[in-house]
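This is what each chain is made of:
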Number of protein chains: 4
Amino acid sequence: MSCWTGQYKDVQLLDNEFIIFSGPCSLESQQQVETQLSELNTNFVRAGIYKLRTEASSFQGLRSDGIELIKNLKKKYSFQFVSEVVSDSSAEALSKVVDYFQVGTRNMYNYELLKTLNSYNKPVILKRGFSATIKEWISAANYIDDAENRVILCERGVRSFEGSYRNMLDLNAVAYLKAHTNFKVIVDPSHGTGRKELILPLAKASLAVGADGIMIEAHPSPKDALSDKEQALNHQELKNIIDEMKILSPLFGKKVVY
Amino acid sequence: MSCWTGQYKDVQLLDNEFIIFSGPCSLESQQQVETQLSELNTNFVRAGIYKLRTEASSFQGLRSDGIELIKNLKKKYSFQFVSEVVSDSSAEALSKVVDYFQVGTRNMYNYELLKTLNSYNKPVILKRGFSATIKEWISAANYIDDAENRVILCERGVRSFEGSYRNMLDLNAVAYLKAHTNFKVIVDPSHGTGRKELILPLAKASLAVGADGIMIEAHPSPKDALSDKEQALNHQELKNIIDEMKILSPLFGKKVVY
Amino acid sequence: MSCWTGQYKDVQLLDNEFIIFSGPCSLESQQQVETQLSELNTNFVRAGIYKLRTEASSFQGLRSDGIELIKNLKKKYSFQFVSEVVSDSSAEALSKVVDYFQVGTRNMYNYELLKTLNSYNKPVILKRGFSATIKEWISAANYIDDAENRVILCERGVRSFEGSYRNMLDLNAVAYLKAHTNFKVIVDPSHGTGRKELILPLAKASLAVGADGIMIEAHPSPKDALSDKEQALNHQELKNIIDEMKILSPLFGKKVVY
Amino acid sequence: MSCWTGQYKDVQLLDNEFIIFSGPCSLESQQQVETQLSELNTNFVRAGIYKLRTEASSFQGLRSDGIELIKNLKKKYSFQFVSEVVSDSSAEALSKVVDYFQVGTRNMYNYELLKTLNSYNKPVILKRGFSATIKEWISAANYIDDAENRVILCERGVRSFEGSYRNMLDLNAVAYLKAHTNFKVIVDPSHGTGRKELILPLAKASLAVGADGIMIEAHPSPKDALSDKEQALNHQELKNIIDEMKILSPLFGKKVVY
């Protein structure tokens, strides 16, 4: 899309764009990303390098090796990269390779981390906490300077009593934020449902409700993914979503970028 | 749409239809319905005659006077009528005038009432309980004979921690039910948000996610409504939603009926 | 306790009493109740005769046979009986044998049923709806005439995101109701936890927080129970709870009746 | 209680103790703590020095000035001090003055911070996240080495649909943890209710359900508190809770330390 010059305003979404971020839960190898870039021609890649895992014994990400891996890829390919920041030191390391910082659900209330991000001149994708109110979410975003221009809020489902899916995607929140604030708002139907067969219908609903984009978990071979394998789409399934969004978006006054 | 012959199968939705039920929370007068029929030319009218109100002192509906009122209207106009059943005696009275029974949120678990409805050969719109699981909702529907052909499930928002809107509309549930059952599923974005400015975006999202229709609360003069005035749309706003659904529905393989 | 003369005021709790209702989820046989009366010497027996079951195919209660069974037992034994009312006709039938009507969680919002109970001069135990607010709960109680003297509110756990137990017992609600209303309030730790090993500690907590009593599910042989077998205590376990409550209650200014 | 030698095992609770931590939400002045120490003779003082506030514009704590203030107080008085850690740098600063680290609700999922605390040989009070499952809570605790001996879990209420109080205190969780793990578990009825009149009854219930202690918010002059003034008790009210706990605890096999 836009040419990255180191200023957060250069990478912001336009009002008439519908952005699709996609990629694996965890960065695992150079080939994994190259496959996505070549097969899908995506410009917006999301992959986790520092992972926050519920279990201390789960895979915690490639960490510094992952930073080097993305540096190398950026020499060969042109793409914008998003990755989750989990601490001050990961922010510093990631700042060399990301175009957008992502702050995950578990850190939405981590205001010290949010303040740290003000040192870097980059946009921030701020996921909603597991059961954060909209008011708290906006307040968290406001720990970032110039928040409405710099923070992209990402609805990813909230915790509920319902056990048929992993989280309950709250599209009311998207409509509310678009009606009452100037924030860009995207939706993560992968985490927001946790079930493959629900991702496409909820992606469509996200477009229809007025979201500015979606974030989709995909992996060249989901069954081999080191994390979240049950909700990752393969590249064909991801391509199908991108194609559907291309067909539907004009009716909602949007142009898909991905 | 279809010609009512007294059999529930005659009034069922077709797979390629997107039905819009609309009307006031409470039936208040003959003129109120006539205004809707003439101004909007709607075929599917929903209005409450027996009201379940949280406060015993609130307006409890026109009751037997309402039955007479609809009988008179049906002599003059052709339309299908939906109203909420709240007891065995109301079921008997309503059976003379409704084409669809509605079972409200507060009665989803009232299995004795659901069993009673088997005595009448009519389709049933079954709203989801305030925090009913999908499994419980389907189990309740199965108290009705031939449920998948006769019951239309209506998602109307669930209870949550979020205070920015009245309920949290659960479109995951709609996608889940369409993927895993043969039930028709409609959405009530009026109760599902409780805020006027959110109804249109969530109506669009309901279409996009795969719902078979929506139910919209409207009143000729919302400020004078005897119940739920804060979420009722006026007729111009309702017409706007119908028009938008007409434009969007072909892209989702549906034809609007209203 | 008190001598039943057919007036609801005769069976009310005194301020310094802590009442323990106990018995099986479903009435199954005369011997089942006789065993409890003889083994535990209980005066307050709760057993379901008309059952509201999530699945239409589950055991729906002994119904009219159960009414006869209790009539016979009342000729031989002196005890107060509580059973759940699920419809107008069950109210009429139960009125011959119950000293307290119970309105279950699924019917808290069934205002037509609550209004019907005004025809009978009996106290009503009103369980909280699955996710009813305290305000709604009180409003429902107020459909009963002279509610604060006649309705005993029963906290039985609310729906939550937590999967380690069946419901989340809300003792805040008990403290709130005791501080701000004149209602008697009891607690059902059997449904409120759904796990045997949690019933005793939550029974103690109920006493400590200021509740006026508890309701405990017990069965002579839990593994053979026709419903809710996973949370039913055997008679020895029930006796243990009664004994513990007897020891603790004086410190909280209460005397146990059971 | 125990003599602090710099090892976390020296400050652990004994099985028969019921500990009462108390103090202000925010440390504001030396006099504020001295008043508590002299008026109430408390040994376990909790006060916030680094504050995580929803609004960036709210008081963020005394920070480095607060560290000096506690250092000075510790020269004059003997007491154990608890304060919340919010980042790596605050952990380093606080390590000079705290006997227990507190990890707040907003940071329960901040695993990087939890890992950092392994560098300090101190016990950790880990509050439950706003809607964390028990499983997630235990998993978070296990980011701390030797967790069951070193981490004290603190239940502080979860998010719910109920608006009559700030949070819903989950005493089921306390009973569950005591039945199924070896963790010490305390309860914070101040945050767990957010209403002054509910704190005492829920403190009693916490003791009765089997908790190992409570944490109470108190301030010499609540109306002047810089944060959470609506739930802070004054010293007389705190003394009343301590006295009640002293009376009740022997019946539950516990001895109060405070």
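Now for a look at the structure at hand.

Reading the values: the criteria
- Residue indices follow the written sequence of each chain, beginning from 1 at its first position.
- All chains are assigned letters beginning with A, and all ligands numbers beginning with 1, in the order in which they are written.
- With pLDDT at 70 or above as the cut-off, local features in this predicted model cover only qualifying residues; side-chain atom pairs require 80 or more to be listed or tallied, and sums for whole chains, interfaces and linings still use all residues.
- Excluding hydrogens and water, the side-chain values take into account all heavy atoms of the structure.
- Put simply, DSSP H or I for four residues or longer makes a helix, DSSP E for two residues or longer makes a strand, and each gets a number counted from the N terminus.
- Should any heavy atoms of two residues lie within 4.5 Å, those residues are considered in contact.
- Here, Shrake-Rupley sampling with a 1.4 Å probe gives the accessible areas, and only protein chains in the shown set may cover a residue.
- In this count, Lys and Arg are taken as positive residues and Asp and Glu as negative ones, while His and the chain termini are left out.
- Charge coordinates come from a single atom per side chain, which is NZ of Lys, CZ of Arg, CG of Asp or CD of Glu.
- By definition, disulfides here are pairs of cysteine sulfur atoms that lie within 2.5 Å.
- Relative accessibility thresholds used throughout: buried, under 20% of the residue-type maximum; exposed, over 50%; partly exposed, between the two (1.4 Å probe, protein chains only).
- Strand pairing is assigned whenever DSSP identifies at least 2 bridges connecting the two strands.
- Convention used here: a crossover is right-handed provided that the path from the first strand, over the helix, to the second strand proceeds clockwise when the strands point away from the viewer.
- Residues below a pLDDT of 70 in either copy are left out; the C-alpha atoms of the rest, at least 70 in both, set the least-squares superposition of the copies.
- Nine residue types can take part in a nonpolar core, namely buried Ala, Val, Leu, Ile, Met, Phe, Trp, Tyr and Cys, and a core is a set of them joined through side-chain atoms within 4.5 Å.
- Buried area: the accessible area, evaluated with a 1.4 Å probe, that two parts lose upon being put together, summed over both parts.
- A pairing counts as a salt bridge when a side-chain nitrogen of Lys or Arg comes within 4 Å of a carboxyl oxygen of Asp or Glu.
- Under the rule applied, a polar contact is a pair of N or O atoms within 3.5 Å (in protein, one hydrogen donor and one hydrogen acceptor; residues adjacent in sequence only if both atoms are side-chain atoms).
- Here the axes come from fitting lines to C-alpha atoms, over the contacting stretch only for helices, and the angles between their N-to-C directions go from 0 to 180 degrees.
- Throughout, the term roughly parallel applies to angles under 35 degrees, roughly antiparallel to angles over 145, roughly perpendicular to angles from 65 to 115, and oblique to all others.
- Note: crossing handedness is left-handed where the near helix turns anticlockwise from the far helix by less than a right angle, and right-handed where it turns clockwise.
- All residues other than Ala, Val, Leu, Ile, Met, Phe, Trp, Tyr, Cys, Pro, Asp, Glu, Lys and Arg, Gly among them, are scored as polar; the first ten of these are nonpolar and the last four charged.
- To estimate the expected span of a helix, subtract one from its residue number and multiply by 1.5 Å.

Let us now look at the overall build of chain A. Counting its secondary structure elements, chain A contains 10 helices and 9 strands. Seen through its principal axes, chain A has C-alpha atoms that stretch 40 × 40 × 40 Å. By sequence separation, contacts in chain A at least 24 residues apart represent 66% of the contacts at least 6 residues apart. On chain A, roughly 8300 Å² of surface is accessible, and the fraction owed to carbon and sulfur atoms is 46%. Positive and negative charge centroids in chain A, built from 31 and 31 side chains respectively, lie 1 Å apart.

Overall, the coordinates contain 0 disulfides over all chains when judged by the stated rule. Summary of cysteine pairing: Cys 25 of chain B is not part of a disulfide, and the nearest cysteine sulfur, belonging to Cys 154 of chain B, is at 13 Å.

On to the pairing of strand β3 (residues 80-84) of chain A, then. Residue and element names in this part refer to chain A. Of all the 5 residues making up β3, 5 are buried; the element is thus mostly covered by neighbouring parts of the structure. Relative to β3, strand β2 (residues 44-46) runs parallel, the two being bridged by 3 bridges. Counted as the bridge partner of Val 45 is Phe 81 from β3. Considered for its hand, the β-α-β crossover made up of β2, helix α2 (residues 64-76) and β3 is right-handed. Once the chain exits β3 it traverses helix α3 (residues 88-94) before rejoining the sheet at strand β4 (residues 100-103), and the crossover so formed is right-handed.

For the pair chain B and chain A, the relating rotation is 180°, the translation along its axis is 0.0 Å, and the fit reaches an RMSD of 0.0 Å. Both copies of the chain, as the preceding transformation shows, are related through a two-fold rotation axis. Looking at the rotation axis and the C-alpha trace of chain B, the residue lying nearest is Ala 205 of chain B, at 2.1 Å.

Moving on: the nonpolar core. One finds Leu 171 of chain A, Leu 171 of chain B, Leu 171 of chain C together with Leu 171 of chain D to be the most contacted residues of the largest nonpolar core, which totals 328 residues. Contact partners of Leu 171 of chain B, with chain neighbours within four places excluded, come to Leu 171, Leu 202 and Ala 205 of chain A together with Val 187, Leu 202, Ala 205, Ser 206 and Val 209 of chain B.

Each partner contributes residues to the interface: chain B has 37 residues there, and chain A has 37 residues. Regarding the contact of chain B and chain A, the summed buried area is about 2800 Å², with carbon and sulfur atoms giving 69% of it. Of all residues in chain B, Phe 161, Asn 172 and Leu 251 of chain B give up the largest surface area on contact with chain A, accounting jointly for 22% of the area buried on that side. Counting the contacts that link chain B with chain A gives 2 salt bridges. Glu 162 of chain B is the salt-bridge partner of Arg 128 of chain A, the closest N and O atoms lying 3.1 Å from each other. At the surface where chain B touches chain A, the tally comes to 14 residue pairs in polar contact (both at pLDDT 80 or more).

A few words on the packing of helix α5 (residues 134-141) of chain B against helix α7 (residues 171-180) of chain B. When two helices pack together, their arrangement is captured by the angle between the axes and the distance separating the axes. Residues and elements named next belong to chain B. Following both chains from N to C, one finds α5 and α7 inclined at 55°, their axes separated by 11 Å at the closest point. By the angle between their axes, α5 is oblique relative to α7. For the pair α5 and α7, the sense of crossing is right-handed. For the pair α5 and α7, contact is made by Ile 134, Trp 137 and Ile 138 and by Ala 173, Tyr 176 and Leu 177, respectively. Taken together, the residues that form the contact of α5 with α7 break down as 6 nonpolar, no polar and no charged.

Looking now at the pattern of salt bridges. Any two side chains of opposite charge can pair if their charged atoms end up close together. Enumeration according to the criterion identifies 84 salt bridges over all chains in this entry. Across the pair Asp 228 of chain C and Arg 166 of chain C runs a salt bridge whose closest N-O atoms are separated by 3.4 Å. Taken together, the positions of Asp 228 of chain C in the loop between β8 (213-217) and α10 (235-248) and Arg 166 of chain C in the loop between β6 (151-155) and α7 (171-180) put the pair 62 residues apart, joining distant regions of the chain. Through salt bridges with shared partners, a single ionic network connects Arg 128, Glu 155 and Asp 170 of chain A together with Glu 162 of chain B.

Moving on: helix α7 (residues 171-180) of chain D. One turn of an α-helix holds 3.6 residues; hence residues three or four places apart share an orientation. Residue and element names in this part refer to chain D. The buried count for α7 comes to 7 of 10 residues, which makes it a mostly enclosed element. Every buried residue belonging to α7 is among Leu 171, Asn 172, Ala 173, Val 174, Ala 175, Tyr 176 and Leu 177, and all of these are buried. Structurally, the start of α7 carries an N-cap: the backbone nitrogen of Asn 172 is 3.3 Å from a side-chain oxygen of Asp 170.

Now for the side chain of His 235 of chain D. Relative to the helices and strands, His 235 of chain D resides in helix α10 (residues 235-248). Ignoring anything within four residues of it in the chain, the contact list for His 235 of chain D reads Thr 35, Gln 36, Glu 39, Leu 40, Ala 218, His 219 and Pro 220 of chain D.

With that settled, the discussion passes to helix α10 (residues 235-248) of chain A. For α10 of chain A, with 14 residues, the first-to-last C-alpha span of 20 Å sits near the 20 Å given by 1.5 Å per residue. Where the residues of α10 of chain A are buried, they touch β1 (17-23), α1 (30-40), α9 (196-209), β8 (213-217) and β9 (255-257) of chain A.

By themselves, these are just geometric observations and shouldn't be taken as functional.
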